[in-house]
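The chain contents come next:
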Amino acid sequence: MKIGIVGPGGSGKGTSSHYLATKYGFKYSLSTSEYMAEVVFKEMQKAGFSYLTAIDCWRDRRNHREFWFKVIDAYDRGDGSRVVREIMETQDILDGLRRKRDLEASRDLCDFWVYIDRPGYSEEATNEITPEMCDYTVKNDGTVADLYDRLDDLIVYLGRPPKEPVNATGIQDLSLA
């Protein structure tokens, strides 16, 4: 099973991805931005930015989103699914698409697309993907434990047997598209 996880920055995409990998054995190690950090770092150095490492560049990515998008576009070379295809060759979870066109180009590379919705949290202007574009929406409006419970509910609903028993509370918290 391949799952794409999207949502605005800080919504809980990475937390969700790491949880699903740990609890259910999905392969996951890098978000899309982590995957592209070295490529973007080299281009930023050429452009005169003063980052010392790719990690420094990645940590400051929110301040240079448009630059990141330009580098990723150049890397994709007109194929909006290139980055996703490369990531999904070794991972079961994709975390971090932000643009509608990238989702459309990559839709068939994941079995399900999940939007992590954190109501009341500042929406990033660079996030073009909405809950309606995804198969499922998981609300992240409580504690981390609440988010984990909702992710457990989703996985049970999708039919992936858990490694261990889960405390399934039903899927009423999910918006099924």
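Right, let's walk through the structure included here.

Calculation notes
- Residues numbered from 1 in each chain as written.
- Predicted model: local features only at pLDDT ≥ 70, side-chain atom pairs only at ≥ 80, totals over all residues.
- Heavy atoms only, no water.
- Helix = DSSP H or I, 4+ residues; strand = E, 2+ residues; numbered from the N terminus.
- Expected span 1.5 Å × (residues − 1).
- Buried < 20%, exposed > 50% of the residue type's maximum accessible area, 1.4 Å probe, protein only.
- Arc of directions from axis to C-beta.
- Contact = heavy atoms within 4.5 Å.
- Salt bridge = Lys/Arg side-chain N within 4 Å of Asp/Glu carboxyl O.
- Phe/Tyr/Trp six-rings, centres within 6.5 Å; stacked < 30°, edge-to-face > 60°.
- Core = buried A, V, L, I, M, F, W, Y, C linked by side-chain atoms within 4.5 Å.

1. A word on helix α4 (residues 65–76)
Moving on, step 1. Taking 1.5 Å as the rise per residue, α4 with 12 residues should run 16 Å; its terminal C-alpha atoms sit 16 Å apart, in good agreement.
Moving on, step 2. Along α4, the residues classified as buried are R65, W68, F69, V71, I72, Y75 and D76. Seen from one end, α4 has its buried residues packed into an arc of 165°, which puts them on one side. In α4, the exposed positions angled more than 90 degrees off the buried face are occupied by E66, K70 and A74.
Moving on, step 3. Of the surrounding secondary structure, the elements contacted by the buried residues of α4 are α2 (32–46), α3 (54–59) and α5 (82–88).
Moving on, step 4. Backbone geometry just downstream of α4 places R77 in the positive-phi region, at approximately 50°.

2. Thoughts on the pattern of salt bridges
Moving on, step 1. A complete count under the given rule lists 10 salt bridges for this structure.
Moving on, step 2. Between D102 and R99 there is a salt bridge, with the nearest N and O atoms lying 3.0 Å from each other.
Moving on, step 3. On the basis of relative accessible area, D102 is assigned to the buried category, the value being 9%.
Moving on, step 4. As a salt-bridge pair, D117 and K139 come within 2.7 Å of each other at their nearest N and O atoms. Here D117, found in strand β3 (residues 112–117), pairs with K139, found in strand β4 (residues 136–139); they are 22 residues apart in sequence, far enough to count as distant.
Moving on, step 5. Classification of D117 as buried rests on a relative accessible area of 13%.
Moving on, step 6. Note on K139: relative accessible area 28%, which makes it partly exposed.
Moving on, step 7. Through salt bridges with shared partners, a single ionic network connects D73, R99, R101 and D102.

3. A word on the packing of aromatic side chains
Moving on, step 1. Taken as a whole and assessed by the stated rule, the structure comprises 6 aromatic pairs.
Moving on, step 2. Note on F49 and Y51: the rings are 6.2 Å apart at their centroids and 10° apart in plane angle, and the pair reads as stacked.
Moving on, step 3. Classification of F49 by relative accessible area gives partly exposed; the value is 28%.
Moving on, step 4. Seen from their ring centres, F49 and F67 are 5.3 Å apart, and the 65° between their planes marks the pair as edge-to-face. Of this pair, F49 sits in the loop between α2 and α3 while F67 sits in helix α4, placing them 18 residues apart in sequence.

4. Overview of the environment of V114
Moving on, step 1. With respect to the secondary-structure elements, V114 resides in strand β3.
Moving on, step 2. A residue is classified by how much of its surface remains accessible, and V114, at 2% relative accessible area, is buried.
Moving on, step 3. Taking C-alpha positions, V114 is 9.2 Å from M133, a pair spaced 19 residues apart along the chain.

5. Thoughts on the nonpolar core
Moving on, step 1. Among the nonpolar cores identified, the biggest contains 26 residues, and L94, W113 and I129 are the most heavily contacted of them.
Moving on, step 2. Residue contributions to this core peak at 5 residues, all from α2.
Moving on, step 3. Dropping the residues within four chain positions of it, I129 is found in contact with V6, L97, R98, R99, K100, L103, Y115 and C134.
Moving on, step 4. Counting 18 residues, the second largest nonpolar core, distinct from the first, contains Y28, I116, Y136 and V138.

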